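# Working through the structure, step by step
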Amino acid sequence: MEELAQDVDLIEQGLSIWQQAAEFGLSLLQPWRFYQILILLAVFLAAHFLARVIEPRLRRWMRGLEGMRASQLRFLITIAKRTRSIIFILFGWAVYLGMQAATWPSRSYLIGLVMTLVTALVFVAIASRLIRHPLLRSVVTWCAWIYATMEILGVQETVTGVLDSIGLSLGGSRITLLLVIQAVLTIGVLLMLARWASKTVEQRLVSNEHISPSLEVLIEKIASVVFYAIAFVIGLQVLGFDLSTLTLFSGAIGLGIGFGLQKVVSNLISGLIVLLDKSIKPGDVISLGDTFGWVTELNARYVGVNTRDGREYLIPNEDLITSQVVNWSHSSDLIRLDIYFGVSYHSDPHEVRKLAREAASSVPRVVSTPAAVCHIVGFGDSSIDFILRFWIRDPSGGLTNVRGAVYLALWDTLKENDIEIPFPRRDITIVGDAPGTD
């Protein structure tokens, strides 16, 4: 009986909405209502043709602007796209106020209703541009338009009653279509606010020079998780959801994490360890196995590393904890490189050492302090062997290229001073047959 009564109530509310719509449609056939439609059409045509003249000039003026922030430019573009609607609103309200002063209010009622509706829709369209996420912006825009339309037309309570009567019962609770819509809107708005708060914290951290990059990423990640968790919990409480029912689900989630998400959890914990001990931070140059590059981002699951050949590696955080990682710029960006070479035994080793140091110092990326050094490391079969050591401060610029530049400078210097770079030689003596042998 209760379900039958709910169905009857739903049918009555639907018939009430249909009756109101039919009465409004019939009212448009009255002479003054028809005249108001013609006035609105004339105002729209005037706004359309005037916008075709103003909008191109407005866009040319916007292209000439300099020094404006991206958010300001997006707002101006939004205004420019709605030039016709804004002109229509201005002209329409001017006509409405004039008719209110010159004739009876009933003869301008439809104009006022349409202008209120159009004004609300344009305001929502402009205000929704503050939401960056496209899907969330579309949902908020359409919901705001529908709510504003119902409120202006005076059918908000009737539609709300219809939505509240559509639903199903689960145990001791009833889930209605109105409750679902309210849940989506409430949680959506709260998540949007959480995202805005996270972005605000991120911008403040970037502008603070006293916070290290690794600590900056850690605070940013923790703040994001906290804000989104708070938004979700508040959304459920606002909707009257009993959070104690989540106890069973949380136990199941913990069991699933224990068995199926071991690697994920390991990477998450390893990421926190990397951020806390500050062993790796954005901008560091690292080597892990055959991968050599600089760290671009630290995420909850992986670390992004860009290499010199343009590849981007996503290295799991667990590998950074369990494997040997060479951080070329952990505590200092000063890096020492070695190259080996040899000269002939006819050369003066004291002069060779001096020339090698000068050659290394002539390369732009080699720093002067500490100065390059050159030492004899052995006497080979065909050459005196040397090691040339020099320092750089920009490992992200590459190591092979700077070694090659030093080799070329060393080659040119030795050639200019007639110092030979030998190669192994072998003397072969052919012994003829001994006398008296056959």
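A brief structural summary. (Residues numbered from 1 in each chain as written. Predicted model: local features only at pLDDT ≥ 70, side-chain atom pairs only at ≥ 80, totals over all residues. Heavy atoms only, no water.)

Let us now look at the overall build of the protein. Counting secondary structure elements, the protein contains 14 helices and ten strands. Sorting the 438 residues of the protein into buried and exposed places 29% on the buried side. At a minimum sequence separation of 6, the contacts of the protein that also span at least 24 residues come to 63%. Summing over all exposed atoms, the protein offers an accessible surface of approximately 28200 Å²; the carbon and sulfur share of this is 63%. (Helix = DSSP H or I, 4+ residues; strand = E, 2+ residues; numbered from the N terminus. Buried < 20%, exposed > 50% of the residue type's maximum accessible area, 1.4 Å probe, protein only. Contact = heavy atoms within 4.5 Å. Areas by Shrake-Rupley, 256 points an atom, 1.4 Å probe, with all protein chains shown as cover.)

So, on to the pattern of salt bridges. Enumeration over the complete set of coordinates arrives at four salt bridges. Residues D394 and R365 are paired through a salt bridge, measuring 3.0 Å at the closest nitrogen-oxygen approach. In this pair, D394 sits in the loop between strand 10 (384-392) and helix 14 (400-416) while R365 sits in the loop between helix 13 (349-361) and strand 9 (373-379), placing the two residues 29 residues apart along the sequence. Given a relative accessible area of 21%, R365 falls into the partly exposed group. (Salt bridge = Lys/Arg side-chain N within 4 Å of Asp/Glu carboxyl O.)

Take the packing of aromatic side chains next. Counted according to the given criterion, the structure contains four aromatic pairs. Here the aromatic rings of W93 and Y96 are separated by 5.5 Å at their centres, their planes lie at 85°, and the arrangement is edge-to-face. With W93 and Y96 both in helix 4 (residues 83-102) and three residues apart, the pair spans about one turn of that helix. Taken together, a centroid distance of 5.3 Å and an interplanar angle of 10° make the contact between F341 and F386 stacked. Taken together, the residues F341 in strand 8 (residues 335-343) and F386 in strand 10 connect sequence positions 45 residues apart. For F341, a relative accessible area of 10% gives the class buried. (Phe/Tyr/Trp six-rings, centres within 6.5 Å; stacked < 30°, edge-to-face > 60°.)

What follows covers the pairing of strand 5 (residues 302-307). Walk down a regular strand and you will see the side chains alternate between the two sheet faces. Counting buried positions over the six residues of strand 5 gives five, a clear majority of the element. Where strand 4 (residues 291-298) lies against strand 5, five bridges are found, and the strand directions are antiparallel. Bridged to L298 within strand 5 is V303. The loop that links strand 4 with its antiparallel partner strand 5 comprises three residues. Pairing of strand 5 with strand 6 (residues 312-316) involves five bridges; the strand directions are antiparallel. Among the inter-strand pairings, Y302 is bridged to a residue of strand 6, identified as P316. (Pairing = 2+ DSSP bridges.)

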